[in-house]
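# Breakdown of the fold
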Amino acid sequence: MESGSAPFAPAVQQVDRRIQQDQHVPDIAQFLGQGASGGEHGYTVRDGRTDVPTFIPSKKVPVPQVLLDELNQVRLKSFMGLFPELNRAWMTVDNRLYLWNYETQNDFTSYDGLDQIIVSVAVMKPKPDVFLDEIKHILVLATPVEIVILALMFEGGDVKKELKIMPTKFALPSDNVNMSKIVGTSAGRIFLGGLDGSLNEVTYQAEEGWFTPKCRKLNYTASRIMQFFPSFLQRRANSQPIVDLVVDDSRNIMYSLHMDGSIQVVDLGVNGDAFRVVTHKTDIASDTLRQFPGMFPDSGSAAQRDLNIVGIYPISAAESATVHLVAVTKTGVRLYFGTQSNVHYLSRHMEYDRNRRPESLILFHARFPPKTSGAAPVAALSSPSRSLLALDSSSATPEDVSAACFSSGVLLLADTRANSGEYLVAIGPDTSVIFRDPTGGTAPSNTAMPRKYEEFRETSFGLKLVDGKPNALAEIPLSKLAPKSLIFSANDPTLLRNELAIQTHLLPQREFLCLSASRLLVVQRNWPVDHLRQLLRTSGGNDTAALKEFRKAYGIEETCAMCLIIILNDGATDRQILDLARGMFHHAGGAPRIEFTNNQSFTNNANMPATPQMPPSPEEGTVTLSGCFEGISLYLTRLLRPIWHQPLFATGGSPFFNNSKMPREQLEQLQRQLLALRSFMETLVLFASPQQQQNGTNSVAGTPVRGRAAQSSRPQPQEWAHEKERQSLHSIHSLIQRCCELLSLMDLIAQCDSARVMNLVSTVNKLKVVQMRFGTSLSQNEEYLYTDLIDAVFRTVSSSDDSDKRERISDVLRNRCPSLFKEEDKIRMKAQECTQRAMLVVDGDFAAQWNFLEDSLEHYVTIAAYLVERQLLADIVQLYLYFRFYRGAIELVLRCALACDVQLEALKYYKAPEASSERGKALFEKRHTIYSYLKSFFDEARRGVQPAPTFGTILDTNGIPPRPAVTEEQLTTLFDDAFKFARDRDDELFHYWMYEYEYSLNATTQLVNMDTAFIEWWLKNRMQNKAVSLDLLCRYYQQQKRDSEAAKCCLDLACLPDAELPSDVHISLQDRASKLSEAKLLAQASRNPALAREISEHFDLARIQQSILQAMEQQFAGSEDPTIRKAVADLNAQLYNSTDLWRLFAARFGLREQALDILKVSGSRQPEVAKRLWKSIFDDYKYDGAGYNLDELKAKVRELTFRYYPSVDAVFPLSYIVLDLELVSIGQGAQGGNVDWVFQALVSDSSSNSGVPVPELVTVYSDLIERGGAYGVPPDAKLHLIRVLSHLLSHAIQRDQTGALPEAQVRNLRTSRVRSTVGRLLAELPKFGQEGSLLKEDYRKIDEWLIR
């Protein structure tokens, strides 16, 4: 294919070659080869608990309880299965059917219109033109006596929404045959396999014919003569029941599995409308033993039993051209079959021929399951947590398979093991071995030779199930998980079997379903990029052995391509992984190198010692581009592959955007991915622009080019290699740009009248346009065709006066297709002519004057750089301002500013002067000067200063025309519109210039009211006073209703130490607390609980700090101690955390109550500290001699109880407080202590329910009595505690009798614990003599009340 001279031509050739390489992925027949494989070899042993697993159980969905209840009511039989295409599982209970939506988990639909047990269920597509268009699926049910067809209708046509089962008139008798399996074809045919061995078809049509009923059953097993006899005479005594029935829609072949293990092949014809029995293969087990004797040491009955087939599964034409069917045996052996004789199954160039029909059933290969020894025990699946859902290859050896699922190379087995229960075994291709690059990715990719693949290996994992035996296994079709993906529209069979290629299109993980009687398990299969993502996540930023093995397995270019998938698509969700992937990309990709025939190699090595001899000429060597470039090329190829060979226009002349096979949303996503790749490439060091090299610096090597040229007149080898890579990168960059432009052009045509566009294309080019394909249009010189298409687009609106539409089309083409749409330069004289016409307008026709000025602006903006270069801009702006064309002046200034700084170097300088060049500084000054031309506009708008009419040579006139007269109201409107226009512009540097102007006028209200995209950054980064910055930011966020950010600013302002503020600025502690209070309200309004908690913690600490400050000012009033004065000043200068408040103030100055506050806020877990504080507080009320001031102590305890109760023991150690207070009471009370004093201290009064509840006090006293030794209770205090407990309980009884004791407290008192304590005391009280006897009577009454 001839390439054009476009800069992207080499990249087009690269994509063509890589697509050819990717298309050479062998199918399963070529991987397996004829013979047998598996067993101890052919499997990669991985430990799911230490390695990154290929299969991951993602979730468990319980079967709704109502369905479980129905299962418990089964009288005869129940069946279960899966309809993944409908998001539903199904279950039959005798004659009732239930369809359950396992995604919503609670939506299920039932059908009970049958009176016989349901024996078989199937869902399929309906025949065309029979049902309403809304009916996309039908349900076929079979009972022993009847077959019925039901219509399924989903709300809005979405299978995820509500389902209605609608009866139809299609029903017929089953002739007393139990149908074991029902299947449908893509054409809507219905086949049924019976337990009598019969193979039947149900046909139906919208209306009855002359000789055909509306619905009938055809028995293909019976002879034509027998079909006229009664059904009971049609059965054959030697017929084997059909146990499985499958259809290969890609080839129109049907297979039936019989109970004796035989398989019948039926040809449904090229168009799927025929029926021909091809063969019925029996003795498959014997043939397998005979064909592969080395794999079966024992060929007796045990081996025969192990080869019993439990399921058959078609292999689509996309997966293999020669292998058509796989059968799974009881021990997990896979038997691969073909249906055509005289076929070389290992041919790499074998293609599926739809017209060649099946001829036989030939056993091609036997794949044996993994054999593992010394398997480590695997924990059963008992939690939906992903961390517990690990599959382990040590338990992946099946023993007794009861159900299986084979789909696109992945095998799932439900395995019953005699000694360990039920297991789920998952087996799938190990891409790290299959796609292993023998060269490690170091071979150049400039050849179309097919890649060599390693042996076929698989990973196998086993999972113990705790939910019982699985009833069904299935895969959710990938086309359903990503229905609009381009890979399903590409018509490229080899693409679907290359996981490395299709993962580029951001497909979700493949999902497999395992349904048991109680729940549904979902198992995901990771893509290789998921494997890499997990390895990066666990690497900790190190180049681990696992990452090295990954690179070795897949090769450098594949690794770099997968890094790009992560970099360009994971950045918004996981910044850490993005950085790690970026590091891996550069580390693995390395640098380009040049090699010579003498094996001398040059790479980018700044530390390479100088050699005395001159290096060889670069032209004599071979340049090998870096893995980074190869990864980019491979990634781009796989992005473009689905559309590369697609025609640009579908049948009828409509662009492929309108083609249903190419969803527009996915093409737009492709465009976004291309743009992301382009942006990423522009960040690469080796992408340095030629201008940088002309400035004298090689950004790659980091040294002046002229200096190197002085050493040698020819380029250095490494510089040569870098230049070659730079050119290749720019070629790919140009290709990406052209692809995006072509997609945008097709999008524009799709939005226009595409049929009319095609009609307006010139006759000579029309056929060429229709024949254009995406890839060939890039590789050939098709510029004239693009021009013709664009002209046709404009001609579709040329007949009308819709200038706005033409302008919109121009804008789209200019912005999105700059290389396809080239507009002639507009000359300055044309713009001046429009300006002159504006000056000639008389009679104050303001609108007409503006129309001419608008026309001039259109021309001026096209030569913006020219205006700056010729220093004409200032005069033009002054003219626009003089004639009140404020918006035009602003627009022209912004256009000119950007025209002279396309790379936005001035903005980079403004944001990071220290990291910018002198060029950036010069461009900043130039743009600042350009913006200053608008100063007169701001002066007039803000201060009423009239602009001077200095127009220079803009106007060819002898006098200055009068300025348009406007009313005050009109002028205000003009200013408001102009300011709004300025604020809506996206020139970031202009915004910063405007903000600085507003701030210089102290117009802070206007600043915070600006709803612009850049004010936030400016407020954050350009304010010298941090306190002012935070205050303005807070006001700005409040104005924008961004309460969460406003709360954070208030928090930061409150926490800002005085040390970080200018010397003349101080924030008092009261102001800080007020800001925290404001932040708290804002956080609550933002509904950000995490932020609200954080601010609440700061607020609580601030209140404690205020309490500390108040206490110190009271306690040390008038003190001249410098330590005290500094502490007070420090408390007013910043906020402290709980640790510092404790260490620097509370503990240091003996502020015990504030110390308790700190313990409460900080969540302390040190009860001993709290005990010492309480003891210290109690001691404050101790007289100088012996005894305590009980009244004041009781008041203090009551105050602190209401303040700290309830709290943890580390703040309010209730047992300790009670005991200590009782000991105080004993020490001062008569006759062993006052039984009511502690109660009065801990409860507000005898009739109140506040303070410590009575039941809790009873528990504390009971514990002190029973375990007094553990608490240090003196022996002589026990009787006092017993008296107090009696008083407490008696008091509670009195309050209960008056109805004053809450019912909840009554229940808490009448517990076994309290009754047990009272019972023990009744037994012990006699030991205490007469007083004990008196107390015993009280406790007997208490006991009677407790057991009442």
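It should be emphasised that the depicted structure is a prediction, and the values quoted were computed from it without experimental measurement. (Residues numbered from 1 in each chain as written. Predicted model: local features only at pLDDT ≥ 70, side-chain atom pairs only at ≥ 80, totals over all residues. Heavy atoms only, no water.)

## Some points on the overall build of the protein
Counting secondary structure elements, the protein contains 53 helices and 33 strands. Buried positions account for 52% of the 1348 residues belonging to the protein. Across the protein, every contact between residues at least 6 apart in sequence was considered, and the portion connecting residues at least 24 apart equals 65%. Of the roughly 62000 Å² that the protein leaves accessible, carbon and sulfur atoms contribute 49%. (Helix = DSSP H or I, 4+ residues; strand = E, 2+ residues; numbered from the N terminus. Buried < 20%, exposed > 50% of the residue type's maximum accessible area, 1.4 Å probe, protein only. Contact = heavy atoms within 4.5 Å. Areas by Shrake-Rupley, 256 points an atom, 1.4 Å probe, with all protein chains shown as cover.)

## Quick look at the pattern of salt bridges
Counted according to the given criterion, the structure contains 57 salt bridges. Where arginine 884 meets glutamate 940, a salt bridge forms, and the shortest distance between an N and an O atom there is 3.4 Å. Of this pair, arginine 884 sits in the loop between helix H28 (873-882) and helix H29 (886-899) while glutamate 940 sits in helix H32 (residues 935-943), placing them 56 residues apart in sequence. Glutamate 940 matches arginine 884 in its accessibility class, with the two residues each being buried. Notably, a salt bridge pairs glutamate 891 with arginine 895, separated by 3.0 Å at the nearest N-O pair. On the criterion of helical spacing, the pair formed by glutamate 891 and arginine 895 is a turn pair, its members being four residues apart in helix H29. The network of salt bridges with common partners includes Glu1153, Asp1157, Lys1196, Glu1199 and Arg1203. (Salt bridge = Lys/Arg side-chain N within 4 Å of Asp/Glu carboxyl O.)

## Observations concerning the side chain of glutamate 1222
As for its position among the elements, glutamate 1222 is in helix H46 (residues 1214-1228). The buried charged residue glutamate 1222 lacks any salt bridge, with arginine 1283 as its nearest oppositely charged partner at 8.2 Å. Aside from chain neighbours lying at most four places away, what touches glutamate 1222 is Asn1234, Val1238, Tyr1261, His1280, Leu1281 and Val1284. (Lys, Arg positive; Asp, Glu negative; His and termini not counted.)

## As for the packing of aromatic side chains
In total, this model carries 41 aromatic pairs according to the counting rule given. Here tyrosine 931 and tryptophan 993 contribute two aromatic rings whose centre-to-centre distance is 6.3 Å and whose plane-to-plane angle is 40 degrees, an arrangement assigned as tilted. Of this pair, tyrosine 931 sits in helix H31 (residues 918-932) while tryptophan 993 sits in helix H34 (residues 988-1000), placing them 62 residues apart in sequence. According to the relative accessible area criterion, tyrosine 931 is buried, its value standing at 1%. The exposure class of tryptophan 993 is buried, given its relative accessible area of 10%. Centroid distance tyrosine 1205 to phenylalanine 1212: 5.8 Å. Interplanar angle 65 degrees. Geometry classified as edge-to-face. With a relative accessible area of 1%, phenylalanine 1212 lands in the buried category. Ring pairs connect the aromatic residues Tyr886, Tyr931, Phe937, Phe938, Phe975, Phe979, Phe990 and Trp993, which therefore count as one cluster. Note that arginine 417 overlies the ring of tyrosine 423, its terminal NZ or CZ placed 3.9 Å from the centroid. (Phe/Tyr/Trp six-rings, centres within 6.5 Å; stacked < 30°, edge-to-face > 60°. Lys NZ or Arg CZ within 6 Å of the ring centre and 35° of its normal.)

## Focus: the sheet that holds strand E12 (residues 179-184)
Reading across the sheet, the four strands line up as E12-E13-E14-E15 and stay open at both edges, with antiparallel pairing between neighbours. The sheet is open, and its two edges are formed by E12 and strand E15 (215-219), each paired on a single side. The mean inter-strand angle of the sheet, taken between neighbouring strand axes irrespective of direction, is 25 degrees. For strand E13 (residues 190-194) and strand E14 (residues 199-204), the ladder comprises four bridges, and the chain directions are antiparallel. Bridge pairing in E14 places glycine 193 opposite leucine 199. (Pairing = 2+ DSSP bridges. Axes fitted to C-alpha atoms, helices over the stretch in contact; angles between N-to-C directions.)

## Considering the confidence of the model for the protein
Atomic detail in the predicted coordinates should be set aside for any region of low pLDDT. Chain-level statistics for the protein give a pLDDT mean of 80 and a share of 83% at 70 or above. Model confidence for the protein, summarised as mean pLDDT per element, is weakest for helix H18 (residues 705-711) at 38 and strongest for strand E17 (residues 253-258) at 96. A low-confidence stretch, residues 444-450 stays under pLDDT 50, and its non-local contacts, those more than four residues away or across chains, total 14 contacts. This model gives residues 696-712 a pLDDT under 50, and the stretch forms 23 contacts once residues within four places in sequence are excluded. (pLDDT = per-residue confidence, 0-100.)

## Things to note about the sheet that holds strand E11 (residues 163-173)
Sheet strands pair by backbone hydrogen bonding; their relative direction is either parallel or antiparallel. As summarised here, the arrangement of the four strands in space is E8-E9-E10-E11, forming an open sheet in which the pairing is antiparallel. The two strands at the open ends of the sheet, each matched to only one other strand, are strand E8 (120-124) and E11. Averaged over all pairs of adjacent strands, the angle between strand axes in this sheet comes to 20 degrees, irrespective of strand direction. In this structure, E8 lies alongside strand E9 (residues 137-142), joined through five bridges in antiparallel fashion. Bridge pairing links valine 123 to leucine 139 in E9.

## A few points about the nonpolar core
Grouped together as the largest cluster of nonpolar side chains are 164 residues, with contacts concentrated most on Tyr880, Leu892, Met1112 and Tyr1339. With 11 residues, the top contributor of residues to this core is helix H40 (residues 1089-1115). Setting aside its immediate chain neighbours within four residues, tyrosine 1339 contacts Ile1282, Leu1285, Ser1286, Leu1289, Val1318, Leu1321, Leu1322 and Leu1325. Counting residues in hydrophobic clusters, the runner-up holds 91 residues, among them Val12, Leu486, Ile487 and Leu636. (Core = buried A, V, L, I, M, F, W, Y, C linked by side-chain atoms within 4.5 Å.)

## Things to note about the packing of helix H12 (residues 545-554) against helix H13 (residues 556-569)
Two elements in contact, H12 and H13, have axes whose closest approach is 6 Å; the angle formed by their N-to-C orientations is 115 degrees. Comparing their axes, H13 and H12 come out roughly perpendicular. Packed against H12, whose contacting residues are Phe550, Arg551 and Tyr554, the element H13 presents Ile556, Glu558, Thr559 and Met562 at the interface. Taken together, the residues of the contact of H12 with H13 sort by class into four nonpolar, one polar and two charged. (Parallel < 35°, antiparallel > 145°, perpendicular 65-115°, else oblique. Nonpolar A, V, L, I, M, F, W, Y, C, P; charged D, E, K, R; others polar.)

## A short note on helix H41 (residues 1122-1133)
Across its 12 residues, H41 extends 16 Å between first and last C-alpha, which sits within 8% of the 16 Å expected from 1.5 Å per residue. Turning to H41, the residues buried within the fold contact helix H39 (1069-1086), H40 and helix H42 (1138-1146). Its side-chain oxygen placed 2.9 Å from the backbone nitrogen of threonine 1123, aspartate 1121 serves as the N-cap of H41. (Expected span 1.5 Å × (residues − 1). Polar contact = N/O pair within 3.5 Å; in protein donor to acceptor, adjacent residues only side chain to side chain.)

## As for the environment of leucine 1076
Within the secondary structure layout, leucine 1076 lies in helix H39. Note: C-alpha distance between leucine 1076 and glutamate 1097 (21 residues apart in sequence) is 9.9 Å. Residues in contact with leucine 1076, not counting those within four places in the same chain, are Leu1051, Ala1054, Ile1095, His1098, Phe1099, Ala1102 and Leu1135.

## Some points on the pairing of E9
Where burial is concerned, most of E9 is hidden: six out of the six residues are buried. Side-chain alternation along E9 places His137, Leu139 and Leu141 on one buried face and Ile138, Val140 and Ala142 on a second face that is also buried. Two strands pair when backbone bridges link them, and E9 and strand E10 (residues 146-154) are joined in this way by six bridges, in the antiparallel orientation. Among the inter-strand pairings, valine 140 is bridged to a residue of E10, identified as isoleucine 149.

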